[in-house]
Amino acid sequence: MANSTILLDYWPSMFCMRARVALREKGVVFEAREEDLTNKSPLLLQSNPIHKKVPVLIHNGKPVSESLNVVQYIDEAWSDKSPFFPSDPYGKAQARFWADFVDKKFSDAQFKIWGKKGEEQAAGVKEFIEAVKILEAELGDKPYFGGDSFGYVDIALITFYSWFGAYEKFGNFSIEAESPKLIAWAKRCMEKESVSKSLPDQEKIVAYAAEFRKNNL
């Protein structure tokens, strides 16, 4: 396994997509191994015994887990190209803050939209729109969250874009109507090959979410 890069992956996971985007942004050749989350592989259970979740990046035999941690590792392990963070400590701290906001506020709200119904779903739509507006205000008129270059916060957030069609369908609202600047930012990110190759088609995600709702709600 010397000099190898393996990603334990799951195609609809926005968290796995982060690792795919980060690796492609750095130009890293990697092997993506699709996991069956109903029958997790011995390699996954061995590589991430605490959480037993994807993504797991296995670089030269050493596993790294948790998606934002994986993205930071990729940035440091392949530091010669496309840095994800600004060079100053304050800029780095701000980037980590907003990526954490995405995980804590945005991530919880979005699941309620497609993974719940009734009052919980309605609360999720409200929380999601609030989070979107906060993120749009932080983006402002910048091309990317870090300024002129695509970086850490962009990677943390853009992968949710593949799910926007599902949010709109099951939440019955328009994200672009609520946040046109964020949609313009997402479309700008999608022009990057590292992003467009890593995110599945929105219609595939809608079908996946519909199947989940049919089986679980």
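Everything numeric here is computed off the predicted structure, so don't read it as measured data.

Peer 1: Where do I start with the sheet that holds strand 1 (residues 5-9) in this structure?
Peer 2: Hydrogen bonding along the main chain pairs the strands of a sheet, whether they run parallel or antiparallel. Ordered in space as 2-1-3-4, the four strands form an open sheet in which the pairing is mixed. Among the strands making up the open sheet, the edge pair consists of strand 2 (31-34) and strand 4 (62-65). In this sheet, adjacent strand axes meet at a mean angle of 20° when their direction is disregarded. Bridging between strand 1 and strand 3 (residues 56-59) involves four bridges; their strand directions are antiparallel. Across the sheet, residue Leu 7 finds its bridge partner in strand 3, namely Leu 57. Its contacts with the sheet place helix 1 (residues 14-25) against strand 1 and strand 3, and it is angled at close to 155° to strand 1.

Peer 1: Help me understand the nonpolar core in this model?
Peer 2: If you look at soluble globular proteins, the nonpolar side chains tend to sit buried side by side. Judged by nonpolar contacts, the single largest core of 62 residues is most densely connected at Phe 106, Phe 128, Tyr 167 and Trp 185. Those elements giving two or more residues to this core turn out to be helix 1, helix 3 (67-77), helix 4 (89-115), helix 5 (118-139), helix 6 (152-158), helix 7 (164-171), helix 9 (180-190) and helix 11 (202-216). Ranked by the residues each element gives to this core, the list is headed by helix 4, at nine residues. For Tyr 167, the contacting residues outside a window of four places in its chain are Met 14, Gln 110, Ile 113, Trp 114, Phe 128, Phe 160, Asn 172, Phe 173 and Ile 175.

Peer 1: Please explain the environment of Glu 119 as it appears in this structure.
Peer 2: Examined against the element boundaries, Glu 119 turns out to sit in helix 5. On the accessibility criterion, Glu 119 (74% relative accessible area) is exposed. For the pair Glu 119 and Phe 212, spaced 93 residues apart in sequence, the C-alpha separation works out to 18 Å.

Peer 1: What should I look at first to understand the packing of aromatic side chains in this one?
Peer 2: Given two aromatic rings, their pairing is described by the distance between the two centres and the angle made by the two planes. Inspection of the entire model under this criterion finds 20 aromatic pairs. Measuring from ring centre to ring centre gives 5.0 Å for Trp 114 and Phe 212, while their planes differ by 65°; the resulting arrangement is edge-to-face. With Trp 114 in helix 4 and Phe 212 in helix 11, this pair connects stretches of sequence that are 98 residues apart. Ring plane angle 90° and centroid distance 5.9 Å describe the contact between Trp 163 and Tyr 208, whose orientation is recorded as edge-to-face. Highlighted residues: Trp 163 in the loop between helix 6 and helix 7 and Tyr 208 in helix 11, separated in sequence by 45 residues. What links up through ring pairs into an aromatic cluster is the set Phe 15, Phe 106, Phe 128, Phe 160, Tyr 161, Phe 164, Tyr 167 and Phe 173. Cation over ring: Lys 26 sits above Phe 84, and NZ or CZ is 4.7 Å from the ring centre. In this structure, Lys 204 is placed above the aromatic ring of Trp 11, and the distance from its NZ or CZ to the ring centre is 4.6 Å.

Peer 1: How should I be thinking about the pattern of salt bridges in this particular structure?
Peer 2: Close approach of charged atoms allows side chains of opposite charge to pair. On inspection of all chains with the given rule, the structure shows 11 salt bridges. Its salt-bridge partner being Arg 18, residue Asp 103 comes within 2.8 Å of it at the nearest N-O pair. Of this pair, Asp 103 sits in helix 4 while Arg 18 sits in helix 1, placing them 85 residues apart in sequence. Residue Asp 103 is classed as partly exposed on the basis of its relative accessible area, which comes to 25%. Residue Arg 18 is classed as buried on the basis of its relative accessible area, which comes to 0%. For Lys 112, the salt bridge goes to Glu 127, with nearest N and O atoms at 3.0 Å. Linking Lys 112 in helix 4 with Glu 127 in helix 5, this pair joins segments that are 15 residues apart in sequence.

Peer 1: Would you mind going over helix 5 with me for this structure?
Peer 2: In an α-helix, one turn spans 3.6 residues, which is why side chains three or four residues apart end up on the same side. Helix length check: helix 5 (22 residues) gives 32 Å between terminal C-alpha atoms against 32 Å at 1.5 Å per residue, within 8%. Listing the buried residues of helix 5 in full gives Gln 121, Gly 124, Val 125, Phe 128, Ile 129, Ala 131, Val 132, Leu 135, Glu 136 and Leu 139. Where helix 5 ends, the next residue or the one after it, Gly 140, has phi of about 60°, a positive value.

The rules behind these values
- Residues numbered from 1 in each chain as written.
- Predicted model: local features only at pLDDT ≥ 70, side-chain atom pairs only at ≥ 80, totals over all residues.
- Heavy atoms only, no water.
- Pairing = 2+ DSSP bridges.
- Helix = DSSP H or I, 4+ residues; strand = E, 2+ residues; numbered from the N terminus.
- Axes fitted to C-alpha atoms, helices over the stretch in contact; angles between N-to-C directions.
- Contact = heavy atoms within 4.5 Å.
- Core = buried A, V, L, I, M, F, W, Y, C linked by side-chain atoms within 4.5 Å.
- Buried < 20%, exposed > 50% of the residue type's maximum accessible area, 1.4 Å probe, protein only.
- Phe/Tyr/Trp six-rings, centres within 6.5 Å; stacked < 30°, edge-to-face > 60°.
- Lys NZ or Arg CZ within 6 Å of the ring centre and 35° of its normal.
- Salt bridge = Lys/Arg side-chain N within 4 Å of Asp/Glu carboxyl O.
- Expected span 1.5 Å × (residues − 1).

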